[in-house]
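Observations on chain architecture
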Amino acid sequence: MQPPPEPRSLPSPPTDGITALAYLPSASQGGPVSTLLASSSWDSAVRIHDTSAANAALVTRKQMDCGPLLCLATASVDVPAATSVPSAETGKNTGAVVYTGGLDGSVRKFDVDANEVSLVGYHGSATGTDGGGASFNDKHAVSCICAISNVGGGNVIVSASWDGSFHLWDLRGSSGSRSSRGSTPVETLKLPGKAFGMDVTTSNLETDVVGRIVVATSGRRTCVIDIEIDSSDPSASLRAVQRLERESSLKYQTRVVKFFHDGTGMALGSIEGRVAIEYLDELQLDSGGKKKYAFKCHRVGDTVYPVNSIAFHPILGTFATGGCDGTVVMWDGRNKKKLTTLPKFPTSVAAMTFNAEGTELAIASSYTFEEGEREHPRDEIFVREMLDYEVKPKSK
């Protein structure tokens, strides 16, 4: 059996709390798997690292000028590839954009190749200013963001906030000039509470649905929202339709929610060191006869740690959990098996993501203040090559 590889620490990591990680999509369909990893943090910057072992480096850093960044999503560029030029920073035609959600309530777009930041829009308004005339207050902080690429030739994004608002943004054909206030969402829904976690799937959908969103909110509520379009007219208006709202099966507050890789169910992680596996029978999705269940994790003796992050293997459907105990554990949720535990990281695991092939797991080791203000290890991003036996489902 091949010995497990050591995690590699990426150079020049964020200087404040890391909030999200996401690989850029491949520059072309069917092209090489991207090794470019985007990160967001409380220092207001998006960083893109090359994670390849031979060329690991910080390739670009972009200040978003919106205060702390709470979330990010990556997507293919929303203009034709022929108009995109290689980035001066990366030296590559990445064909990618990064969308961010800020503590100031803003949603912003970073075009990697053009090295330009533009404002998409805001959640709410209050007192204060970003220098561009838009007012904000952190009660409208954008805590969650997801992107759906290539919808009628452009991108669609959804964002959710601490103020309980859910915005649908239609960025198709939006490469022109934008005002200092950005645009307005094409639809807004009211969530049952603050948004704490969100995910998107494009698998197992009806014909007129381009993406399905799950949002975990305060009050232990879980909402499922479909983004719909007339399939006979790709330029038609988008609709956000709430399909489901229910209470989480976990007794304590949900911190993270992720769809299965095939969209038939979801995994939820709570502040009380538990993960729930739930199915979407109400939406007539086949669970294969499986029933919901929950299990304990990220506990050391009598100390219980929150589950901060869940990352599904994009092909095999197994998943990793990361907790405030600094550990990452791989699970086979379908067969209720633990697969492997990685050696402990210096501090809390704040975020994780697999690359497109599932051969590499990026891990943010970043203190999440679960024990209040105290001395803590520096923020770091690690990359760990994953071996087949660590991620493959176990036979029953």
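The structure contained in this document is the topic of the report that follows. (Residues numbered from 1 in each chain as written. Predicted model: local features only at pLDDT ≥ 70, side-chain atom pairs only at ≥ 80, totals over all residues. Heavy atoms only, no water.)

**Quick word on the nonpolar core**
Keep this limit in mind: In these notes, a set of buried Ala, Val, Leu, Ile, Met, Phe, Trp, Tyr and Cys residues joined through side-chain atoms within 4.5 Å is what counts as a nonpolar core. We call a residue buried when its accessible area falls under 20% of the maximum for its residue type, exposed when it is over 50%, and partly exposed in between, using a 1.4 Å probe and counting protein chains only. Counting from the N terminus, the helices are DSSP H or I runs at least four residues long and the strands are E runs at least two residues long. Working rule for contacts: check all heavy atoms of both residues, and any pair within 4.5 Å makes them a contact.
Of all hydrophobic cores here, the largest spans 23 residues; its most connected members are Phe-166, Met-198, Ile-225 and Ile-227. Sorting the residues of this core by element identifies β10 (142-151), β11 (154-161), β12 (165-170), β14 (195-201), β15 (209-217) and β16 (221-228) as the ones contributing at least two each. Here this core takes four residues from β10, the largest share from any one element. Excluding its chain neighbours within four sequence positions, the residues that come into contact with Ile-225 are Phe-166, Leu-189, Leu-191, Gly-211, Arg-212, Ile-213, Val-215, Ala-240, Val-241, Gln-242 and Arg-243.

**A look at the side chain of Ser-165**
Put simply, the test is: Think of a polar contact as two N or O atoms within 3.5 Å of one another; within protein, one of them needs to be a possible hydrogen donor and the other a possible acceptor, and neighboring residues in sequence only count if both atoms come from side chains.
When you line up the elements, Ser-165 lands in strand β12. A polar side-chain atom of Ser-165 sits 2.6 Å from a polar atom in the side chain of Asp-163. The residues touching Ser-165, leaving out its near neighbours within four places in the chain, are His-123, Ser-159, Ala-160, Thr-188, Leu-189 and Leu-191.

**So, the sheet that holds strand β6 (residues 69-76)**
Short version of the rule: One requirement defines pairing of two strands: DSSP has to find at least two bridges between them. A fitted line through C-alpha atoms represents every axis, and for helices the fit uses only the stretch in contact; the resulting angles, taken between N-to-C directions, go from 0 to 180 degrees.
Read from one edge of the open sheet, four strands run β6-β7-β8-β9, paired in antiparallel fashion. The open sheet has two free edges, formed respectively by β6 and β9 (116-122), since each of these has just one partner strand. For this sheet, the mean angle separating the axes of adjacent strands, direction not counted, is 25°. Relative to strand β8 (residues 106-111), strand β7 (residues 96-102) is paired through five bridges, and the arrangement is antiparallel.

**A closer look at the pattern of salt bridges**
Think of it this way: side chains of opposite charge can pair up when their charged atoms draw near. Convention followed: Basic side-chain nitrogens of Lys or Arg form a salt bridge, by our definition, when they fall within 4 Å of a carboxyl oxygen of Asp or Glu.
What the rule picks out here adds up to 19 salt bridges. The salt bridge partner of Glu-385 is Arg-8, with a shortest N-O separation of 2.8 Å. On the criterion of sequence distance, the pair formed by Glu-385 in strand β30 (residues 380-385) and Arg-8 in strand β1 (residues 8-9) is long-range, its members being 377 residues apart. A salt bridge links Asp-104 to Arg-108; the shortest N-O distance between them is 3.5 Å. We classify Asp-104 as buried; its relative accessible area is 3%. Through salt bridges with shared partners, a single network forms among Glu-206, Arg-212, Asp-226 and Arg-243.

**As for unusual backbone geometry**
You will see that Arg-220, though not glycine, has its phi angle at about 60°, which is positive. The residue Arg-220 is located in the loop between β15 and β16 in this model. Here Gln-284, not a glycine, exhibits a phi torsion of approximately 60°, which is positive. Looking at where Gln-284 falls in the secondary structure, it is placed in the loop between β20 (274-279) and β21 (293-296).

**Notes on the pairing of strand β26 (residues 328-332)**
Counting buried positions over the five residues of β26 gives five, a clear majority of the element. Residues Val-328, Met-330 and Asp-332 line one face of β26 and the alternating positions Val-329 and Trp-331 line the opposite face, and both faces are buried. Taken together, the four bridges between strand β25 (residues 319-323) and β26 define a ladder with antiparallel strand orientation. In the strand pairing of β26, Thr-321 is matched with Val-329. Once β25 ends, the chain turns through four residues before running back antiparallel as β26, passing Gly-326 with a positive phi of about 80°. In this sheet, strand β27 (residues 337-341) lies alongside β26 in antiparallel orientation, the contact comprising four bridges. Along β27, the bridge assignment pairs Val-329 with Thr-341.

**A word on the pairing of strand β19 (residues 265-270)**
The buried count for β19 comes to six of six residues, which makes it a mostly enclosed element. Along β19, one buried face is formed by Gly-265, Ala-267 and Gly-269 and the opposite face, lined by Met-266, Leu-268 and Ser-270, is buried too. Sheet topology places strand β18 (residues 254-259) next to β19; five bridges connect them, and they run antiparallel. The residue of β19 that forms the bridge with Phe-259 is Met-266. Counting the residues that bridge the hairpin from β18 to β19 gives five residues, and of these Gly-263 lies at a positive phi of roughly 75°. The sheet contact formed by β19 and β20 spans five bridges and is antiparallel. Note that in β20 the partner of Ala-267 across the bridge is Ile-277. Count of turn residues in the β19/β20 antiparallel hairpin: three residues, of which Gly-273 carries a positive phi of about 60°.

**Some details on the packing of aromatic side chains**
We describe a pair of aromatic rings using the distance from one ring centre to the other and the angle between the two ring planes. The cut-off we apply is this: Any pair of Phe, Tyr and Trp rings, taking the six-membered ring for Trp, is counted once the centres come within 6.5 Å. Such a pair is stacked with planes under 30 degrees apart, edge-to-face with planes over 60 apart, and tilted for the rest.
With the rule as written, the count across this model stands at seven aromatic pairs. Ring centres of Phe-260 and Phe-312 lie 5.7 Å apart, and the angle between their planes is 50°; this geometry places the pair in the tilted category. Taken as a pair, Phe-260 in the loop between β18 and β19 and Phe-312 in strand β24 (residues 307-312) lie far apart in primary sequence, 52 residues in all. According to the relative accessible area criterion, Phe-260 is buried, its value standing at 6%.

**Some points on the side chain of Ser-52**
Position of Ser-52 relative to the elements: it lies in the loop between β4 (45-50) and β5 (57-63). For Ser-52, a relative accessible area of 18% corresponds to the buried category. Beyond its immediate sequence surroundings of up to four residues, Ser-52 is in contact with Arg-8 and Thr-35.

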